[in-house]
Amino acid sequence: MINWTHWHNEPYLVAGLISAGWLYAMLAGPWRAILGGARFPTASALRFYGGLFIFYLTVGSPLDQIGERYLFWAHMIQHLLLVYPAALLILTGIPSWMLRPVTTGAVIGRFLRFLTHPIVATMVYITVLSGWHLPGLYDLALRDKAVHIIQHLSFFLSAILMWWPIASPSRELPPLPYGGQILYIFAVGLVQVPLCAFLTFSKEILYPTYAYAPRLMDLTPLEDQVLGGLIMTVGTMIAKLSVLTWAFYRWYQTSAQRQET
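Each value, and the rule that gives it
Residues numbered from 1 in each chain as written. Predicted model: local features only at pLDDT ≥ 70, side-chain atom pairs only at ≥ 80, totals over all residues. Heavy atoms only, no water. 1 Å grid on protein atoms, 1.4 Å probe; cavity = no way out; pocket = protein on both sides within 12 Å on 5 of 7 lines; lining within 4 Å. Points joined across faces, edges and corners; volume = space filled by probe spheres on them. Helix = DSSP H or I, 4+ residues; strand = E, 2+ residues; numbered from the N terminus. Nonpolar A, V, L, I, M, F, W, Y, C, P; charged D, E, K, R; others polar. Expected span 1.5 Å × (residues − 1). Buried < 20%, exposed > 50% of the residue type's maximum accessible area, 1.4 Å probe, protein only. Polar contact = N/O pair within 3.5 Å; in protein donor to acceptor, adjacent residues only side chain to side chain. Contact = heavy atoms within 4.5 Å. Phe/Tyr/Trp six-rings, centres within 6.5 Å; stacked < 30°, edge-to-face > 60°. Core = buried A, V, L, I, M, F, W, Y, C linked by side-chain atoms within 4.5 Å. Salt bridge = Lys/Arg side-chain N within 4 Å of Asp/Glu carboxyl O. pLDDT = per-residue confidence, 0-100.

Let's shift gears to the layout of surface pockets. Approximately 950 Å³ is the volume attributed to the largest pocket. Ala20, Ile90, Leu153, Phe156 and Leu157 are the residues nearest the centre of the largest pocket, which is lined by 36 residues in total. Among the elements of the structure, helix H1 (11-28), helix H3 (42-60), helix H5 (72-92), helix H6 (96-103), helix H7 (106-115) and helix H10 (145-167) are those that each provide at least two residues to the lining of the largest pocket. The element contributing the most residues to the lining of the largest pocket is H10, with 10 residues. As a volume, the second largest pocket reaches approximately 230 Å³. Along its surface, the second largest pocket is lined by 13 residues, and Gly189, Leu190, Thr236, Met237 and Lys240 are the ones closest to its centre. Among the elements of the structure, helix H11 (178-191), helix H12 (193-201) and helix H14 (221-260) are those that each provide at least two residues to the lining of the second largest pocket. Of the residues belonging to the lining of the second largest pocket, the class tally is 8 nonpolar, 4 polar and 1 charged.

Let us look at H10. A turn of α-helix holds 3.6 residues, and therefore any two residues three or four places apart point the same way. Here H10 spans 32 Å end to end across 23 residues, near enough to the 33 Å set by a 1.5 Å rise per residue. For H10, a buried count of 17 out of 23 residues is recorded, marking the element as mostly surrounded by other parts of the structure. Its side-chain oxygen at 3.0 Å from the backbone nitrogen of alanine 146, aspartate 144 defines the N-terminal cap of H10.

Our next topic: the side chain of aspartate 64. Residue position: aspartate 64 is located in helix H4 (residues 62-69). Leave out the neighbours within four places in its chain, and aspartate 64 touches His8, Thr58, Val59, Gln78, Lys145, His148 and His152.

Turning to the packing of aromatic side chains, a few remarks are in order. Under the criterion given, the structure shown has 13 aromatic pairs. Taking the centre distance of 6.2 Å and the plane angle of 80 degrees together, the rings of tyrosine 178 and tryptophan 246 count as edge-to-face. Pair noted here: tyrosine 178 is in helix H11 and tryptophan 246 is in helix H14, with a separation of 68 residues, a long-range link. In this structure an aromatic cluster arises from ring pairing among Phe72, Tyr138, Tyr207 and Tyr210.

Among the residues making up H6, those that are buried are Ser96, Trp97, Met98, Leu99 and Thr103. At its buried positions, H6 is contacted by H1, helix H2 (32-35), H7 and H10.

On to the nonpolar core, then. Most often, soluble globular proteins keep nonpolar side chains buried together rather than apart. Core analysis: the largest hydrophobic core is formed by 61 residues, its most contacted members being Tyr84, Tyr125, Met162, Trp163 and Leu199. Residues contacting tryptophan 163, with those up to four places away along its chain left out, are Val83, Tyr84, Ala87, Leu88, Leu91, Ser168 and Val243. Within the second largest apolar cluster, 5 residues are counted, among which are Leu63, Ile66, Leu71 and Ala74.

Let us now look at empty space enclosed by the protein. Counting across every chain of the model gives 1 cavity of 30 Å³ or more. The computed volume of the largest cavity comes to approximately 50 Å³. His79, Leu80, Val83, Tyr84, Tyr125, Leu129, Gln192, Met232 and Thr236 are the residues that line the largest cavity. Listing elements by their share of the lining of the largest cavity, those giving two or more residues are H5, helix H8 (118-132) and H14. The biggest single contributor to the lining of the largest cavity is H5, with 4 residues. Across the lining of the largest cavity, the residue classes tally to 6 nonpolar, 3 polar and no charged.

Bringing the pattern of salt bridges into the picture now. Using the criterion set out here, one finds 4 salt bridges in the structure. For the salt bridge of aspartate 64 with lysine 145, the shortest nitrogen-to-oxygen distance reads 3.4 Å. Highlighted residues: aspartate 64 in helix H4 and lysine 145 in helix H10, separated in sequence by 81 residues. On the basis of relative accessibility, which here comes to 3%, the residue aspartate 64 falls in the buried class.

Of all residues in the protein, 97% attain a pLDDT of 70 or more, and the chain-wide mean is 91. Here H4 is the element of the protein with the lowest mean pLDDT, 86, and H8 is the one with the highest, 96.

What follows covers the environment of threonine 104. Locating threonine 104 in the fold gives a position in the loop between H6 and H7. A residue is classified by how much of its surface remains accessible, and threonine 104, at 47% relative accessible area, is partly exposed. C-alpha of threonine 104 to C-alpha of glutamate 172: the two residues are 68 residues apart in sequence and 7.1 Å apart in space. Within the local environment of threonine 104, its side chain forms a polar contact with the backbone oxygen of arginine 100, the two atoms lying 2.5 Å apart.

Have a look at this one:
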């Protein structure tokens, strides 16, 4: 059964998060002048480390055991946390000057420009998200720890691409204009509908692991699956509507300022 006091301390997880935090601290501190940063980016650093914290809560807390072994809906919460707050906070926590050596590279810069194009970013994101929810791949990730790690990392990295046209901190690869952001958010939400419907309205148990798992709650495996689909649907709607509202507000604000001048 679940050890509610157990938090993951696997070397790859701890070392990865510590390395990311250390590298950011060095870039924002001692190496800042080399990169052209004027001052320590306090607000950005809070977002970045907040994103790392959420990342660890998602994959390092007892929630990971629950989602991996017992409840589908708990795994959906994990995915939402990785894709929305963790990815968005980490992306917006990186100052433009910190990204410049990468975004201005002759080869890497062009490759990133291609990957962060709205159509490409959307296709990569939805392909990764939908592909991993195919029954065979999803259940393989539940059985094999290495595959599970790859699954979560691919969710996170594809989410960074998905957020880029909206929240890019880079001057070389800037976000879309606010009007374009609104259309983009709507399009990304639209292409997620089939996956949400697939999980919510399926009449069969899609993932055998949860069918044979001990029941932690008074839910049948099918009810657990439906609840997971609903959590993904509602969570996605809330995230997209929140960003849509923010983009519309910023667009209105910018238009009002232009009229005043």
